[in-house]
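So the chains spell out like this:
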Amino acid sequence: MEFDIESNISFIEDKINALGQITDQEKPYTRIVFSKEFYDGRSWLNDEFKSLGLSISTDEAGNLVGLLKTNKKTEKLVIMGSHIDTVPSGGRFDGVAGVVSALCVMNHIINNNINLPFDLAVYDYLGEELNDWGTSCIGSRGIGGVLNQEILSRKNTSGLVLSEEIDKIGGNTKLLNNPLPITKNILACLELHIEQGKILEDRKIDIGVVRSIPSISRFSVTVKGQAGHSGTILMNQRSDALVTASEIISFVNKSAIKLSQKSNQHFVATIGKINVHPNSAAIIPGLVEMTIDLRATSKNSRKEFLNILEKKIAFLNDTSSCNINIKDIAFAPFVEMNKDLIQLFKNSASSLGLSNNIMDSGAGHDTAQLSRVAPAGMIFIPCKDGLSHCPEEYAEASDISKGTAVLWKMVEKLAFQNINKT
């Protein structure tokens, strides 16, 4: 049964708009993991699963799962989905488009009484966005068995322990030492996501088939100077931490530009979080704390950047009156998507008459974590002006429906392959 792109647009619009109403009303669109709004979002999704007649559960890592059981004698499984949590003042489509598209595929299957030779599940992966515990992709990391004790025992700024929050939502962190047993039965992990960039929009391409997800590194940088009166301490007598920090910020930006042009591969570096102390108009800044976010598809570019950054910080420690310290706080390695699924996604899009190209992701996704333990692949659909992680984030429901048609075609092709193998 073919998926009708036009007739499913209203289904997609209705679901995205409904979930968009579940937000911190003072800061739309905000649904931080473990917040009241997040729990309300999970309740909404639970009702959606129930209306489709799916079996509903929460796995050991706190992921919410809606399962359609096959009538065949098999434990094989295909999973679709993304996440419903957001960054503060984020958008309505990041993650949500992937969950809603999976719901739409499931609705299509159930309404047309389609029998699959494997179980099919919709996942809301817990806490994909970077959060107050300093980790992202909580649920998918849990599936892959990489939520170690150090991460699980972390406390957020309110003193809440991550493991306790996962258990409270229905998980069981005592069983997260290894990949979850279900990973042995997964045939494919599929995810649709907005691009969060402008390549598809600018080139007027319907579908981006993701080839790889970059390594993501985060470093904390502390610059210690000396606070003092801004009116009495002369310019040549100051240890202004913010001035020295600004040199690092400028250096990071310029170096990243050069390396991205040199390597012709995806390479970006950002200082997006900065705290200045004591942060007063009449006081020379005595302390600056900031975070470097580094993403690269090339190991050589990453290594070269870190080498020149180390030399720059050593130089500033020798020549400035401030003390600078850099610390590695997080790392997720570069991963490639499953090559068979990449080709199957391309074939699926082409068979529907949708333009497509193979591309690299600049952002991290749950699929990166899942790819370590199971065949995984994902597609991008265009988003307006490439904007994401902001209220202006927008994707046309028609574009999401095109991506959903590809997602359904993938399930159909996987079903055909599975039947032939058996």
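Conventions used here
Numbers given for residues are sequential positions, taken from 1 along each chain in its written order. Totals for whole chains, interfaces and linings use every residue, but because this is a predicted model, local features are given only for residues with pLDDT of at least 70 and side-chain atom pairs only at 80 or more, for both listing and counting. For side-chain calculations, the full set of non-hydrogen atoms in the structure is used, while hydrogens and water are omitted. Between buried and exposed lies partly exposed: a residue is buried under 20% and exposed over 50% of the maximum accessible area for its type, with that area taken using a 1.4 Å probe on protein chains only. Only DSSP runs of H or I covering at least 4 residues are called helices, and only runs of E covering at least 2 are called strands; the numbering of each starts at the N terminus. DSSP bridges decide pairing: two strands pair if at least two such bridges lie between them. Side-chain atoms within 4.5 Å link the members of a nonpolar core, which is a set of buried Ala, Val, Leu, Ile, Met, Phe, Trp, Tyr and Cys residues. In this analysis, two residues are considered to be in contact whenever any of their non-hydrogen atoms come within 4.5 Å of each other. Criterion for a salt bridge: a side-chain nitrogen of Lys or Arg within 4 Å of a carboxyl oxygen of Asp or Glu. Lines fitted to the C-alpha atoms define the axes, with helices restricted to the stretch that makes contact. Angles between their N-to-C directions range from 0 to 180 degrees. Only the six-membered ring of Trp is used, alongside the rings of Phe and Tyr, when aromatic pairs are assigned; centres must lie within 6.5 Å, and planes under 30 degrees apart are stacked while those over 60 apart are edge-to-face, with the rest tilted. Whether a charge lies above a ring is judged from NZ of Lys or CZ of Arg, which has to be within 6 Å of the ring centre and within 35 degrees of the ring normal. By this rule the span expected of a helix is its residue count minus one, scaled by 1.5 Å.

Undergrad: Please provide a residue-by-residue account of the pairing of strand β7 (residues 215-224), values included.
TA: In terms of burial, β7 is largely enclosed, as 7 of its 10 residues are buried. Bridge count between β7 and strand β11 (residues 287-296): 10 bridges; the pairing is antiparallel. Each residue of the ladder has a partner; that of F219, found in β11, is I292. Bridge analysis of β7 against strand β12 (residues 323-332) gives 9 bridges, and the strand direction is antiparallel. Paired with V223 across the bridge in β12 is I324.

Undergrad: Provide a residue-level description of the nonpolar core, including the pertinent values.
TA: Within the largest apolar cluster, 95 residues are counted, with the highest numbers of intra-cluster contacts made by F34, M80, L190 and V411. When near neighbours in sequence (up to four residues on either side) are disregarded, F34 contacts Y39, L126, W133, I138, L162, E165, I166 and I169. V221, V223, L259 and I271 belong to the second-largest nonpolar core, a separate cluster that totals 24 residues.

Undergrad: Could you give an account of the pattern of salt bridges, naming the residues involved and the relevant values?
TA: Taken as a whole and assessed by the stated rule, the structure comprises 17 salt bridges. As a salt-bridge pair, K36 and D40 come within 2.7 Å of each other at their nearest N and O atoms. In this pair, K36 and D40 are both assigned in helix α2 (residues 36-51), 4 residues apart and thus about one turn of the helix distant. Where E412 meets K409, a salt bridge forms, and the shortest distance between an N and an O atom there is 3.0 Å. Remark: K409 and E412 occur in helix α12 (residues 397-421); sequence separation between them is 3 residues, near one turn of the helix. Overall, K409 belongs to the buried group, its relative accessible area being 10%.

Undergrad: Give a detailed account of the sheet that holds β7, specifying residues and quantitative values.
TA: Sheets are built from strands that pair by backbone hydrogen bonding, the pairs being arranged parallel or antiparallel. Strand order in the open sheet formed by 4 strands is β9-β11-β7-β12, with antiparallel pairing between adjacent strands. Single-partner strands in this sheet number two, and they are β9 (267-277) and β12. Taking each pair of neighbouring strands and ignoring which way they run, the sheet shows an average axis angle of 15°. Contacting β7, β9, β11 and β12, helix α8 (residues 241-263) runs over the sheet at an angle of about 170° to β9. Lying over the sheet, helix α9 (residues 299-319) contacts β7, β9, β11 and β12, oriented at roughly 160° with respect to β12.

Undergrad: Tell me about unusual backbone geometry, and name the residues and values.
TA: Residues other than glycine predominantly adopt negative phi, and peptide bonds predominantly adopt the trans conformation. P28 connects to Y29 through a cis peptide bond whose omega is 0°. Positionally, Y29 belongs in the loop between α1 (9-20) and α2. A cis amide bond, omega 0°, links H277 with the succeeding residue P278. A positive phi angle, near 55°, is found at C137, a position not held by glycine. Secondary-structure assignment places C137 in the loop between β4 (119-124) and α4 (138-143). A residue is classified by how much of its surface remains accessible, and C137, at 4% relative accessible area, is buried. For D385, which is not glycine, the phi torsion reads 60° and is therefore positive. Secondary-structure assignment places D385 in the loop between β15 (376-381) and α12.

Undergrad: I'd like a rundown of the packing of aromatic side chains, residues and numbers included.
TA: Across all of its chains, the model carries 4 aromatic pairs by this definition. A cation sits over an aromatic face here: K15 above F11, 5.0 Å from the ring centre.

Undergrad: Hey, could you go over helix α3 (residues 96-111) for me, with residue numbers and the actual values?
TA: In an α-helix there are 3.6 residues to a turn, and that puts residues three or four apart on one side. An ideal rise of 1.5 Å per residue puts 22 Å on 16 residues; α3 measures up with 22 Å between its terminal C-alpha atoms. With respect to burial, α3 is a largely interior element, 14 of its 16 residues being buried. Directly beyond the C-terminal end of α3, a positive phi value near 50° is found at N113.

Interpretation in functional terms is not warranted from these geometric data alone.
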